[in-house]
Amino acid sequence: MTGHKGAILDLHWSRDSLNLFSASADTTLASWDLETGQRIRRHEGHTEIVNCMTASPRGEEILISGSDDGCVGIWDPRVKRAVDFIETDFPITSVAVADAGNEIYTGGIDCDILAYDFRKKAVAYRMPGHTDTVTSLSISPDSQSLLSYSHDGMARTWDIRPFAPVDRSQKTFGGAPVGIERNLVKASWDTKGEKVGVGSGDGSVCVWEARTAKLIYKLPGHKGTVNDVRFAPGQEPISKCYRAVLEASVLMTCSRQRFIRSNSNFGRIGELALLIPRKDGNLRSRGLRGFRGGS
């Protein structure tokens, strides 16, 4: 699928899994038909790099984007232009939306996480604590906590329940340095909300127990910054050995180790690694080399 004129910085499935949404350094978002591989629509309105995007999990499907222009974009994927923008004072590098759709969470170079009232388009509360750019925000499966990662090398969880204490900080997870590349590294929850994972600039993947912040795995193997870590959804195996090994989590990771062909010749992707936890506490790694992609 080709069409963007800059690096693709974020991807999200549509709710029915028939379409894919992308955010790009070319200042646009795009909607793609996965059956035909064709671009359905180019979403224009931002004036700088679009760093991140997400989609509302319930109700009418809405896209939320964050850009270096300091704006949070609100989009109807059926329409080319944005429905609305929330203007902020700093570039936005991470976004998330509450399961109920009533709040939007943003992180950026000002280090604080802001919660916006979706209806009023105004800040409802702040979550200070990070000391550098916030690169990732992810809501827990039970919708009660928010996971963040920052260029300060720390992942954190926050209480986003209504009527939570003023200090919403819950746990802090150390051990995942950002590295000299300072990429927009992403963090994620497992499907049960029991573990959190994040890549790091030292080529490793960190996995912690969410409740205690205990580091469970520090997984080496990549030769560059690990930009993203994802746990397999549901109970279906990614590989045949998944159920035979254990009823647990499978990780997919990606790092910058090899060029791939993209429309702009700017995007990079490394080898994909499948990391399978074993009952003896070790992990079996399966490299998925030869992966090819594009914009």
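Note that this is a predicted model, so its numbers are computed, not measured.

Cut-offs applied
- Residues numbered from 1 in each chain as written.
- Predicted model: local features only at pLDDT ≥ 70, side-chain atom pairs only at ≥ 80, totals over all residues.
- Heavy atoms only, no water.
- Phe/Tyr/Trp six-rings, centres within 6.5 Å; stacked < 30°, edge-to-face > 60°.
- Helix = DSSP H or I, 4+ residues; strand = E, 2+ residues; numbered from the N terminus.
- Buried < 20%, exposed > 50% of the residue type's maximum accessible area, 1.4 Å probe, protein only.
- Polar contact = N/O pair within 3.5 Å; in protein donor to acceptor, adjacent residues only side chain to side chain.
- Contact = heavy atoms within 4.5 Å.
- Pairing = 2+ DSSP bridges.
- Axes fitted to C-alpha atoms, helices over the stretch in contact; angles between N-to-C directions.

### Topic: the packing of aromatic side chains
The tally for this structure, following the rule as stated, stands at two aromatic pairs. Relative to Phe 85, the ring of Trp 75 has its centre 5.9 Å away and its plane inclined at 85°; by these criteria the two rings are edge-to-face. Pair noted here: Trp 75 is in strand 7 (residues 71-75) and Phe 85 is in strand 8 (residues 84-87), with a separation of 10 residues, a long-range link. Overall, the relative accessible area of 0% leaves Trp 75 in the buried class. Taking the relative accessible area as the measure of exposure, Phe 85 reaches 29% and is therefore partly exposed.

### Description of the side chain of Ser 94
Here Ser 94 lies in strand 9 (residues 92-97). Accessibility expressed as a relative area gives 1% for Ser 94, which makes it buried. A distance of 3.2 Å separates a polar side-chain atom of Ser 94 from the backbone oxygen of Val 134. Ignoring anything within four residues of it in the chain, the contact list for Ser 94 reads Cys 52, Tyr 105, Thr 106, Gly 107, Val 134, Thr 135, Ser 136 and Leu 137.

### Some words on the pairing of strand 10 (residues 103-108)
With six of its six residues buried, strand 10 lies for the most part within the structure. Along strand 10, one buried face is formed by Glu 103, Tyr 105 and Gly 107 and the opposite face, lined by Ile 104, Thr 106 and Gly 108, is buried too. Bridging between strand 9 and strand 10 involves five bridges; their strand directions are antiparallel. Counterpart to Val 97 in the pairing with strand 10 is Ile 104. Hairpin connection between strand 9 and strand 10: a loop of five residues separates the two successive antiparallel strands, and Gly 101 in this loop has a positive phi of roughly 80°. Here five bridges tie strand 10 to strand 11 (residues 113-117), and the two strands are oriented antiparallel to one another. Paired with Glu 103 across the bridge in strand 11 is Asp 117. With antiparallel pairing between neighbouring strands as the criterion, strand 10 and strand 11 make up a hairpin whose turn holds four residues, including Cys 111 at a positive phi of roughly 80°.

### Some thoughts on the sheet that holds strand 10
An order of 9-10-11-12 is seen for the four strands of this open sheet, with the pairing classed as antiparallel. Only two strands of the sheet have a single neighbouring strand rather than two, namely strand 9 and strand 12 (122-127). With strand direction ignored, the average angle separating the axes of adjacent strands in the sheet is 25°.

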